[in-house]
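Here's the letter readout for the chains.
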Amino acid sequence: MERYWNKEIECMSREDMKKLQDERLVAQVKHVYANVPYYKKLMDEKGVTPDDIRSTADLHKLPFLTKADLREAYPYGLLAKPLSECVRIQSTSGTTGKRVVAFYTQHDIDLWEDCCARAITAAGGTKDDVCQVCYGYGLFTGGPGLNGGSHKVGCLTLPMSSGNTERQIQFMIDLQSTILCCTPSYAAYIGETLHEMGYTTDDIKLKAGIFGAEPWTEEMRREIEKSLGIKAYDIYGLTETSGPGVSFECSEQTGMHINEDHFIAEIIDPDTGEVLPEGSKGELVFTSITKEAFPLLRYRTRDICVLTREKCSCGRTLVKMSKPLGRSDDMLIIRGVNVFPSQIETVLIEQGYAPNYQIEVDRVNNSDTLDINVEMSDDKFSDMVKDIQQKERELAAAIKTMLGISPKVHLVPPKTIARSEGKAVRVIDKRKLQG
Ligand code: DLL
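Residues numbered from 1 in each chain as written. Predicted model: local features only at pLDDT ≥ 70, side-chain atom pairs only at ≥ 80, totals over all residues. Heavy atoms only, no water.

We now examine the packing of aromatic side chains. The geometry of an aromatic ring pair is captured by two quantities: the separation of the ring centres and the angle between the planes. On inspection of all chains with the given rule, the structure shows seven aromatic pairs. Ring plane angle 45 degrees and centroid distance 6.4 Å describe the contact between Tyr-236 and Phe-286, whose orientation is recorded as tilted. With Tyr-236 in strand E7 (residues 231–238) and Phe-286 in strand E11 (residues 281–288), this residue pair connects regions lying 50 residues apart in the sequence. By relative accessible area, Phe-286 is classed as buried at 1%. Measuring from centroid to centroid gives 6.1 Å for Phe-263 and Phe-286, while their planes differ by 65 degrees, and the two rings are edge-to-face. You can see Phe-263 sitting in strand E10 (residues 263–268) and its partner Phe-286 sitting in strand E11, a full 23 residues away along the chain. The burial state of Phe-263 is the same as that of Phe-286; both residues are buried. Clustering of aromatic rings is evident, with ring pairs tying together Tyr-76, Phe-103 and Phe-294. If you follow Arg-221 out to its NZ or CZ, it ends over the ring of Trp-216, 5.6 Å from the centre. The ring of Phe-64 has Arg-300 sitting right over it, with the charged end atom 5.6 Å from the ring centre. (Phe/Tyr/Trp six-rings, centres within 6.5 Å; stacked < 30°, edge-to-face > 60°. Helix = DSSP H or I, 4+ residues; strand = E, 2+ residues; numbered from the N terminus. Buried < 20%, exposed > 50% of the residue type's maximum accessible area, 1.4 Å probe, protein only. Lys NZ or Arg CZ within 6 Å of the ring centre and 35° of its normal.)

The ligand sits among 21 residues. The nearest are Ala-213, Asp-234, Ile-235, Thr-239 and Asp-303. With respect to the ligand, the side chain of Asp-303 contributes an N or O atom lying 2.6 Å from an oxygen atom. In this structure, an oxygen atom belonging to the ligand sits 3.2 Å away from a side-chain N or O atom of Arg-327. Top element by residues in the shell around the ligand is E7. It accounts for five residues. Here the residues of the shell around the ligand sort into 10 nonpolar, seven polar and four charged. (Near = heavy atom within 4 Å. Polar contact = N/O pair within 3.5 Å; in protein donor to acceptor, adjacent residues only side chain to side chain. Nonpolar A, V, L, I, M, F, W, Y, C, P; charged D, E, K, R; others polar.)

Looking at the element boundaries, Ser-247 is found in strand E8 (residues 243–249). Leave out the neighbours within four places in its chain, and Ser-247 touches Ile-235, Tyr-236, Met-256, His-257, Ile-258 and Met-321. (Contact = heavy atoms within 4.5 Å.)

Attention now goes to the side chain of Glu-10. Looking at the element boundaries, Glu-10 is found in helix H1 (residues 7–10). A residue is classified by how much of its surface remains accessible, and Glu-10, at 0% relative accessible area, is buried. Engagement of the side chain of Glu-10 in a polar contact is seen with the backbone nitrogen of Trp-5, the distance being 3.1 Å. With residues near it in sequence (within four places) discarded, Glu-10 still touches Tyr-4, Trp-5, Arg-118, Phe-248, Arg-316, Thr-317 and Leu-318.

When the parts come together, some accessible area is lost, and that loss is often what is quoted as the size of the interface. For the chain, the domain assignment lists domain 1 (1–329) and domain 2 (332–429). Here domain 1 and domain 2 have C-alpha centroids that lie 32 Å from each other. At the interface, 17 residues of domain 1 touch 13 residues of domain 2. Summing the contributions of domain 1 and of domain 2, the shared interface buries around 1300 Å²; its carbon and sulfur component is 46%. The tally of links between domain 1 and domain 2 comes to one salt bridge. Two residues, Glu-214 and Arg-363, come together in a salt bridge whose shortest N-O distance is 3.9 Å. Inspection of the domain 1/domain 2 interface yields one residue pair in polar contact (both at pLDDT 80 or more). Going through the elements one at a time, helix H4 (67–72), helix H8 (184–196) and helix H9 (218–228) are the ones with two or more residues in the side of domain 1 that touches domain 2. It is H8 that provides the largest number of residues to the side of domain 1 that touches domain 2, a total of four residues. Among the residues forming the side of domain 1 that touches domain 2, the class breakdown is five nonpolar, six polar and six charged. (Domains from an automatic or database assignment. Buried area = accessible area lost by both parts, 1.4 Å probe. Salt bridge = Lys/Arg side-chain N within 4 Å of Asp/Glu carboxyl O.)

All right, on to the environment of Leu-79 then. Tracing the backbone shows Leu-79 in the loop between H4 and strand E1 (86–91). The class for Leu-79 is buried, based on a relative accessible area of 12%. Note: C-alpha distance between Leu-79 and Val-36 (43 residues apart in sequence) is 6.4 Å. Sequence-distant contacts of Leu-79, that is, excluding residues within four places in its chain, are made with Asn-35, Val-36, Cys-86, Phe-103 and Ala-293.

The set of residues buried in helix H7 (residues 165–174) consists of Thr-165, Gln-168, Ile-169, Met-172 and Ile-173. Summarising the axial view, the buried residues of H7 lie within an arc of 130 degrees, below the 170-degree limit, and thus occupy one face. On its buried side, H7 packs onto strand E3 (130–133), strand E5 (179–182) and H8. Remark: Gln-176 follows H7 within two positions and exhibits a positive phi of approximately 55 degrees. (Arc of directions from axis to C-beta.)

By the definition in use, this model includes 30 salt bridges. The salt bridge partner of Asp-378 is Lys-415, with a shortest N-O separation of 3.4 Å. Note that Asp-378 is positioned in helix H11 (residues 378–386) and Lys-415 in the loop between strand E19 (408–412) and strand E20 (427–429), a separation of 37 residues in sequence. Assigned by exposure class, Asp-378 and Lys-415 land together as exposed. Each of Glu-214, Arg-363, Asp-368, Asp-429 and Arg-431 takes part in a single network of salt bridges with overlapping partners.

There is a patch of like negative charges on the surface, built from Asp-379, Asp-383, Asp-387 and Glu-394. For Asp-383, the position within the fold is in helix H11. Asp-383 gets classed as partly exposed once you look at its relative accessible area, which sits at 49%. (Patch = residues over 30% accessible without salt bridge, like charges linked within 9 Å, V, L, I, M, F, W, Y side chains within 5 Å. Areas by Shrake-Rupley, 256 points an atom, 1.4 Å probe, with all protein chains shown as cover. Lys, Arg positive; Asp, Glu negative; His and termini not counted. Charge placed at Lys NZ, Arg CZ, Asp CG, Glu CD.)

Once that is clear, we can look at the state of the cysteines. All chains considered together, the criterion is met by zero disulfides. Among the cysteines around Cys-131, which has no disulfide bond, Cys-181 carries the closest sulfur, lying 3.7 Å off. Summary of cysteine pairing: Cys-312 is not part of a disulfide, and the nearest cysteine sulfur, belonging to Cys-314, is at 3.6 Å. Take Cys-312: its relative accessible area is 7%, and that puts it in the buried class. (Disulfide = S-S within 2.5 Å.)

So, in structure tokens, the structure goes:
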């Protein structure tokens, strides 16, 4: 039997949902125009006023926001409420230079947790469940978001955060966790460790997992489902739109329902910005219509996906997005951390290396690996041979400080990294994540 957290919204007729979105959009544009000078300027430059936005049909008239805008406006430039009314900040992991910081009023937190409660309920969660949350807690939105959703549903919540896998498994067995929330790669690792410790799925009570924050394939889903004896559900979100819970999977497991009462989704051509018809593959753009403190209008996620309104067997009428099929920028997600090649290049140059490098990402035993080959320059080559390992360690430490994750650095002789005649091939991603 399908469970809903808010059936009225999740199964609302298309007509009623559109009416709700129209009302909320009109109010939100007024709120942003009046309170966010940065966005007002963008609207003025485009010659759009709040009066031009009468319904979702007018959405395309509004200017886009991008990560570059967030950096330019950092930290307070997109705030739409006084700081005194904000109660929380969350942030993305390791983006170039300044990170994205998102602000929340108590009302924003309530709505965000409500979205996560919908995801947990769709995965079969009730107040009788024990929900083990192993997403990172802290600035990352994964832990706090699912933690809040779990409380709302009334599950007994285990705020484990990530790491210390044997202890995770011990608690999972002793406290009889029934729902696991973490990244898919960590879920696979937990499954593997469980079996290595000599346990089987008979020793645990897990029934469902809510996994997201990074790309994963259908093959990986089947592997996790088998090793943990569960049904694995996808969940999507980004810091800029609150965090996890923008969309979530239902029992059909064929894409994620977007919480359309809070977020209006569009698919655009990433090159021209043109809005594409339903069913097209393109870049996902979100407008948050209920957020108070940090309401982003037409925010370009850079995630490439497809939207569909085909009838879903779960009964929900909320539009469904496919798993993200890639990105329209060069961002990589490595061990759950957002990484841009330009960050690595910045460190190399700071440390006196030429920008001749290649990044190799792979997944070994369900964990991402990051190897960086860096060329030594001709003049430094002979001196450096003596202390190559020391230099590799220093460079790895500097990159870790920038990214928050440790790479393996390999210094290679001059002119050994293939030169390209077109764009340099900086990244070799062997993970085959687009299933
Ligand atoms: O990853 C929020 C989150 C936490 C989502 C826990 C789900 C569960 P950021 O660190 O800002 O926020 O990264 C957002 O991660 O633009 C996507 O590229 C990617 N992403 C998030 N969920 C998925 C998913 C969190 N289910 C960026 N599948 C997004 C594929 C995902 N990619």
